[in-house]
Amino acid sequence: MNFTCPRCDSPFLQRVPEDGALERLLGRCFIHPFRCQICRHRFCAMRWRIRYDREVEDRRQYARRPVRFPVTVSSPFGEHEGRVTDLSLSGCSIAVFAPYGVGDVLSVSLNALDDKPPIEVDKAVVRTVSQGRLGVEFLTLRDPEEARLRGLMRSLWVEGT
């Protein structure tokens, strides 16, 4: 893509599914919805003569980046250590052997940077469980923690380009 987010000027954008009849109609005119992977801004942009196939299986608004960070997961079941295998602004995959199921509410401490304290996610929910891996959606982050997560995601996007 050769355009940037109108809010933060980031080039790290994800094409997202159309939401409603108006966006489907705009898609026929080459105007498609995008989401900034840094500031979360959702906007539509014209991509002349570019058509996007509908991907029904993956409706994620945020692309995940592969990582290998230690993580501590806390819940009423106790505290468990694991490893984050991919990360986005809205969630992550965690490799952990613990008795969690879909719908369980957790708190997550991402130990992403050796010289800084962990990024604390106050409330997250397990969306998927598969072979010792949890798909987790972040629900509640305090503003300073979200800013730190955005900074981490920006660095991951820059490294990956």
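Residues numbered from 1 in each chain as written. Predicted model: local features only at pLDDT ≥ 70, side-chain atom pairs only at ≥ 80, totals over all residues. Heavy atoms only, no water.

**Student:** Looking at this model, I keep getting lost on unusual backbone geometry. Mind explaining?
**Tutor:** When glycine is set aside, most residues are seen to have a negative phi, and most peptide bonds are trans. Even without glycine at this site, Phe30 takes up a positive phi of about 70°. For Phe30, the location among the structural elements is in the loop between helix H1 (21–28) and strand E2 (31–36). Classification of Phe30 by relative accessible area gives buried; the value is 14%. (Helix = DSSP H or I, 4+ residues; strand = E, 2+ residues; numbered from the N terminus. Buried < 20%, exposed > 50% of the residue type's maximum accessible area, 1.4 Å probe, protein only.)

**Student:** Any chance you could explain the environment of Ala21 here in plain terms?
**Tutor:** Mapped onto the elements of the fold, Ala21 is located in helix H1. Look at Ala21 and you get exposed, because its relative accessible area is 53%. Residues Ala21 and Asp143, spaced 122 residues apart in sequence, show a C-alpha to C-alpha distance of 34 Å.

**Student:** Which parts of the structure should I look at to understand the side chain of Ser10?
**Tutor:** Tracing the backbone shows Ser10 in the segment before strand E1 (13–15). Setting aside its immediate chain neighbours within four residues, Ser10 contacts Thr4, Cys5, Cys36, Ile38 and Arg154. (Contact = heavy atoms within 4.5 Å.)

**Student:** I tried to follow the sheet that holds strand E9 (residues 133–140) on my own but got confused; where do I start?
**Tutor:** Within a beta sheet, neighbouring strands are joined by backbone hydrogen bonds and run either parallel or antiparallel to one another. Within the closed barrel, the six strands sit side by side as E4-E5-E6-E9-E8-E7. Their pairing is antiparallel. Averaged over all neighbouring strand pairs, the angle between strand axes comes to 45°, with direction disregarded. Direction of pairing for strand E6 (residues 91–95) relative to E9: antiparallel, over a ladder of five bridges. When the bridges of E9 are listed, Ile94 appears paired with Leu134. (Pairing = 2+ DSSP bridges. Axes fitted to C-alpha atoms, helices over the stretch in contact; angles between N-to-C directions.)

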